[in-house]
Amino acid sequence: MPPTNSLADIFDRLPETIREPLIVLSSAKVLSDEVATQLIEQTVDLSLDIDLLFDVLHSVDFVIERNSEWHIRDSEREFLLQLLYKDPHKLKECNSVLLGIANNAHPSNAGTTVPTYLTSKAGIAYHTAVLDSKEALIHYADAYTGHNTGEQWLLGELAGEQQRFGIISASAIEPYFLRGMTAYRENRINDADQLLRRVCKSNEIRIEVAIALHIVGLIRIRQYHLKEAERLLRRSLEIGERLGNLHHQSMVMHSLGNLIGKQEPEEAERLLRRSLEMREQLGDLSGQSMVMHSLGNLLKAIDLFRSGEQFAFSLRLNQETGNTDGYIKVSRTIYQTITELKRSNESDSALDFINGCLSIFPNSLELEIHKVNVLLDLQKYPDALVSINEVINRNPESSVAYNTRANIYKSMGKDTYSEAQRDYRYAIEFGSELKPRSRSMFRHNLAKLLSEISGNQDEIVALWEESIQIDPKFVWSYAGLGEFYFKFVNDMDSALNYLNQGLNIAKKHGIPDAIKHINDLLLLIGNVVDPE
């Protein structure tokens, strides 16, 4: 049979020995030759050559093959299903055969003699539905795990198909829920919202309704419909409490606490702490870390020391569980909090925040470096030196610590420049495994210091050129080298070359401090070259 784009156009012209088997085979979502043979032998009364039939099927373009499995293309299968549904007896007969195969299938045969879906809960639910739709809904609900897997996607597809054909009641929430959750996981937010809102209308006390309310509530937060979001989340929490589902309650309390934090900080803190308790009961370490992070954010406006404690709890837990993404996220939040406080001239508050962090995570190199840098900003040099010396004693090869101590010595004045120079060299020596930006910055720092004490010009230029080679986007090395050529070498061409390169990088990446600094230098050069 030649390839065709539409089975419907030629179906009536096909011999009955092909038409009826095709209709029967459409009852399966996916087939193997072994399952197709059993299905035809037990439901088709015609005498036919099955091997010849398979030769024909495997030659047409609407049969899609994948290893040992194959399926009829969706558009053609839809056409055949419409014909099958016109014969309720045959429909039940086919699904009864497929359900029997599914119930007896061994997982080791999945994807070979038995299509994978028939060895899954999704297949059981699908082929049960024609025989007992109420029992099928139980199977569909039981098969939902919330994980982002192919089986979970298939659940929604199968349930939606059976609802469309009237096998599952139009009022049943399972198909809408399963398809809505698939859409949400695939970031099809509008589709998810539309489908899950159907579930939210249900008055049933079921976890599916509670989850749908939670998800739609989160979508409303994205859309800034905060009052509606709060109402949905509170109803979701109420259902979770009535079901006694701690996992769901903890998740909704977390979402609700984040939502009302600014308006109702005391209730928000109670919700987050209760969520944390539940996560601890459930042994959910990842969940605990996320709630601690949220508590830290909430407490920033109330008590910076306690805020720091929560972030440190989260940071330590992520480190202990090997959650690199979580660790980076919390580290970034801590850094941003410190930076915002310093920019607001609240370095004392930043120190209070860091001390809160260190009270929980006392030997964190990252936190200790933050503290030393804040002490440096406050010009508390003796305290900063005491702290950084303790860090170096515990971490004698920490390039970051040596670079930090060098910054302190440099800030203390020219009397300690020799100590600063020594530590910048240690930073370069021990920092060979660090990221390019850090290695580039260490060389820039040493070059800058040497230029201020009239160091060896060749070494200074070599350090800055090496810095640029390591990280071509580190704008301050261009600015430093350009300024050095201008002020100390009197090489205006080289100065303009590096300063203009740096200015282009600063503009491209939006670095206002660098743009201003370089423009000021260019203005000075312009006045020297062309004083009029």
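Just so it is clear, the model here is predicted, and its values are computed rather than measured.

## A look at helix α27 (residues 492-509)
Then step 1. The terminal C-alpha atoms of α27 lie 26 Å apart, and with 18 residues this matches the ideal 26 Å at 1.5 Å per residue to within 8%.
Then step 2. Here α27 starts with a cap whose side-chain oxygen sits 3.4 Å from the backbone nitrogen of D493, and that cap is D491.
Then step 3. Note on α27: the residue one or two positions beyond its end, G510, has a positive phi of about 65 degrees.

## Looking at the packing of helix α6 (residues 88-104) against helix α7 (residues 121-129)
Then step 1. Contact geometry of α6 with α7 gives a least axis separation of 8 Å together with a crossing angle of 155 degrees. By the angle between their axes, α6 is roughly antiparallel relative to α7. For the pair α6 and α7, the sense of crossing is left-handed. Taking contact as the criterion, the partners of N95, L98, L99, A102 and N103 in α6 are, on α7, I124, Y126, H127 and T128.
Then step 2. Looking at the contact of α6 with α7 residue by residue, the class counts come to five nonpolar, four polar and no charged.

## Some details on the pairing of strand β1 (residues 63-66)
Then step 1. Where β1 meets strand β2 (residues 69-72), four bridges bridge the pair, whose relative direction is antiparallel. Opposite R66, over in β2, you have E69 as the bridge partner.
Then step 2. If you look at the hairpin formed by β1 and β2, you'll find two residues sitting between the two strands, and N67 has a positive phi there, around 55 degrees.

## Brief notes about unusual backbone geometry
Then step 1. Backbone geometry at Y224 places phi at a positive 65 degrees, although glycine is not the residue there.
Then step 2. Looking at the secondary structure, you find Y224 in the loop between α12 (207-222) and α13 (226-243).
Then step 3. Given a relative accessible area of 70%, Y224 falls into the exposed group.
Then step 4. A positive phi angle, close to 55 degrees, is found at S454, a residue other than glycine.
Then step 5. Inspection of the secondary structure assignment puts S454 in the loop between α24 (436-452) and α25 (457-470).

## Observations concerning the pattern of salt bridges
Then step 1. Evaluated as defined, the whole model comprises 34 salt bridges.
Then step 2. A salt bridge links R188 to E186, with the shortest nitrogen-to-oxygen separation between them at 2.9 Å.
Then step 3. With a relative accessible area of 40%, E186 lands in the partly exposed category.
Then step 4. Each of the salt bridges in this network shares a partner with another, and the network as a whole consists of D193, R197, R220, E228 and R231.

## Topic: helix α11 (residues 189-200)
Then step 1. For α11, with twelve residues, the first-to-last C-alpha span of 16 Å sits near the 16 Å given by 1.5 Å per residue.
Then step 2. Every buried residue belonging to α11 is among I189, A192, D193, L195, L196, V199 and C200, and all of these are buried.
Then step 3. Summarising the contacts, the buried residues of α11 are in contact with α10 (173-185), α12 and α13.

## Some words on the packing of aromatic side chains
Each aromatic ring pair is summarised here by two numbers: the centre-to-centre distance and the angle between the ring planes.
Then step 1. Tallying each qualifying case throughout the model produces eleven aromatic pairs.
Then step 2. Each ring, one from Y402 and one from F430, has its centre 5.7 Å from the other, and the planes form 25 degrees; the classification is stacked. Placement of the pair is Y402 in helix α22 (residues 399-411) and F430 in helix α23 (residues 417-430), with a sequence separation of 28 residues.
Then step 3. Accessibility expressed as a relative area gives 27% for F430, which makes it partly exposed.
Then step 4. Judged by centre distance (6.0 Å) and plane angle (10 degrees), the rings of Y485 and Y498 are stacked. A residue pair is termed long-range when its members are at least 10 positions apart, and Y485 in helix α26 (residues 475-489) and Y498 in helix α27 qualify at 13 residues.

What counts, and where the lines are drawn
- Residues numbered from 1 in each chain as written.
- Predicted model: local features only at pLDDT ≥ 70, side-chain atom pairs only at ≥ 80, totals over all residues.
- Heavy atoms only, no water.
- Helix = DSSP H or I, 4+ residues; strand = E, 2+ residues; numbered from the N terminus.
- Expected span 1.5 Å × (residues − 1).
- Polar contact = N/O pair within 3.5 Å; in protein donor to acceptor, adjacent residues only side chain to side chain.
- Axes fitted to C-alpha atoms, helices over the stretch in contact; angles between N-to-C directions.
- Parallel < 35°, antiparallel > 145°, perpendicular 65-115°, else oblique.
- Left-handed = near helix turned anticlockwise from the far one by under 90°.
- Contact = heavy atoms within 4.5 Å.
- Nonpolar A, V, L, I, M, F, W, Y, C, P; charged D, E, K, R; others polar.
- Pairing = 2+ DSSP bridges.
- Buried < 20%, exposed > 50% of the residue type's maximum accessible area, 1.4 Å probe, protein only.
- Salt bridge = Lys/Arg side-chain N within 4 Å of Asp/Glu carboxyl O.
- Phe/Tyr/Trp six-rings, centres within 6.5 Å; stacked < 30°, edge-to-face > 60°.

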